[in-house]
Amino acid sequence: MSGTIALTAGTACILTVTVAVPLRRLALRWDLVDRPSGHRAHTRPTPYLGGIAIAVGTAVPTAIALGFADLQITAILLAATAVCVLGLIDDIAPLPAATRLAVETVVAIGVVLSGVQAPLTGTWLDGALTVVWVVVMTNSFNLLDNMDGALGTVAAVTAGLLAATALVQGHIALAVLLAALTCASLGFLPHNWAPARMFMGDSGSLFLGFTLACSATVLVTGRPPDETIAGLLLPTFVATVDTCVVFLSRILTNRSPLQGGTDHVSHRLRRTGLGTRTVATTLGTITTITGALCLAMVLDWLSPLIALVVASVIAVVLIGLLRGVSVDSPVQRPKTPQKIRERRR
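Residues numbered from 1 in each chain as written. Predicted model: local features only at pLDDT ≥ 70, side-chain atom pairs only at ≥ 80, totals over all residues. Heavy atoms only, no water.

What follows deals with the nonpolar core. Membership of the largest hydrophobic core comes to 92 residues, with the highest contact counts inside it found for Leu174, Leu178, Phe210, Leu212 and Leu283. Broken down by element, the residue count for this core peaks at 12 residues, all from helix H7 (residues 172-192). Ignoring anything within four residues of it in the chain, the contact list for Leu283 reads Ala150, Val154, Val238, Val265, Ser266 and Leu269. (Core = buried A, V, L, I, M, F, W, Y, C linked by side-chain atoms within 4.5 Å. Buried < 20%, exposed > 50% of the residue type's maximum accessible area, 1.4 Å probe, protein only. Helix = DSSP H or I, 4+ residues; strand = E, 2+ residues; numbered from the N terminus. Contact = heavy atoms within 4.5 Å.)

Next up, the structure:
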């Protein structure tokens, strides 16, 4: 089975890298580009459709390796593909938030009906809570896609550590899926690393968020409530903290939590003087620490309480460091020769 995992992962990486090239050309030809605006951090039109490459790179090798024998993996793949299509439509013609949430809820219900549930209460409420969790996390990862390389790095690290956790727990089919997702994310990074030549768009960020949220849920099935909570929060630490910081800061300043903005954790780190690549690396490092805490908990090296306490300390320190960072001033960018030329055009 280790050979199957390695082959699937390698195929996912190669397929993503390869498919992204014609998709980028197609996006430029069809003018499917993200243009700079008030709350955008980039300075030039950048093509979308990178998310399609990630989805293809993940789903195709996984389906070939596993077939459709595993009901839960099949449900996750089909639902994630539906969410990817939803994101693609939203990239082309922005959809109302209510429409997006409705579709995400329906496909999340489908995954829950396949048996993917977080055992929090031991009652019928677990299904409803799981749906809410998956939808919230799907959109949290979507919000995290706000800087070159940030989400790709976080997703690759998260999926890789979840794959290791799945292997430890004996979830071989899920390990295959997560290994493919890890390498598909890595395969997209050369196109998305700063300065990005391509964005994954909502199609990619929603696909990643949905798949990771569902995978984390599978891994806590049958676990006690404390392990369940830790198993859900630790792998999604960066996305969870980022969403909480953004929502709380906007509510306190009487702004809509649903509007776009440059007040995310990544933007705040950027304003402290860190470069874009350093920000992505920093977020990946934090994800590595909290993901490793989750793996250590599964291996019984740490109790869920200790793992959550350590993660909470990291969150407090991070929020404390970023508390005084202004979110009103524009992000400073180095004036490279390329950008100077662009301004003269």
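Our focus in this paragraph is helix H1 (residues 2-29). Taking 1.5 Å as the rise per residue, H1 with 28 residues should run 40 Å; its terminal C-alpha atoms sit 41 Å apart, in good agreement. Along its length, H1 shows its largest kink, about 25°, at Ala20, and proline Pro22 lies within four residues downstream of that point. Taken as a whole, H1 has its buried residues at Ile5, Thr8, Ala9, Ala12, Thr16, Ala20, Leu23 and Ala27. Buried positions along H1 lie against strand S1 (33-34), strand S2 (46-47), helix H2 (50-66), helix H6 (150-169) and H7. With its phi angle positive at about 60°, Asp31 sits one or two positions after the end of H1. (Expected span 1.5 Å × (residues − 1). Bend = angle between axes of the 7 residues up to and from the residue.)

The tally for this structure, following the rule as stated, stands at 0 disulfides. Cys13 provides the cysteine sulfur closest to Cys183, a residue in no disulfide bond, and the two sulfurs are 5.7 Å apart. With no disulfide partner, Cys244 has as its closest neighbouring cysteine sulfur the one in Cys294, 18 Å distant. (Disulfide = S-S within 2.5 Å.)

The next thing to look at is a nonpolar patch on the surface. Taken together, the side chains of Leu120, Trp124, Leu125, Leu129, Ile229 and Leu233 make up a nonpolar region of the molecular surface, amounting to roughly 550 Å² of accessible area. Elements that contribute at least two residues to the nonpolar patch include exactly helix H5 (125-144) and helix H9 (225-233). (Patch = residues over 30% accessible without salt bridge, like charges linked within 9 Å, V, L, I, M, F, W, Y side chains within 5 Å. Areas by Shrake-Rupley, 256 points an atom, 1.4 Å probe, with all protein chains shown as cover. Salt bridge = Lys/Arg side-chain N within 4 Å of Asp/Glu carboxyl O.)

Right, let's get into the packing of helix H4 (residues 97-113) against helix H8 (residues 201-219). Helix packing geometry: the angle between the two helix axes and the distance between the axes. Relative orientation of the contacting elements H4 and H8 amounts to 35°, with a least axis distance of 12 Å. Pair H4 / H8 crosses with right-handed handedness. Within the contact between the two elements, H4 uses Arg100, Glu104, Val107, Ala108 and Val111 and H8 uses Asp202, Leu206, Phe210 and Cys214. Across the contact of H4 with H8, the residue classes break down as 6 nonpolar, no polar and 3 charged. (Axes fitted to C-alpha atoms, helices over the stretch in contact; angles between N-to-C directions. Left-handed = near helix turned anticlockwise from the far one by under 90°. Nonpolar A, V, L, I, M, F, W, Y, C, P; charged D, E, K, R; others polar.)

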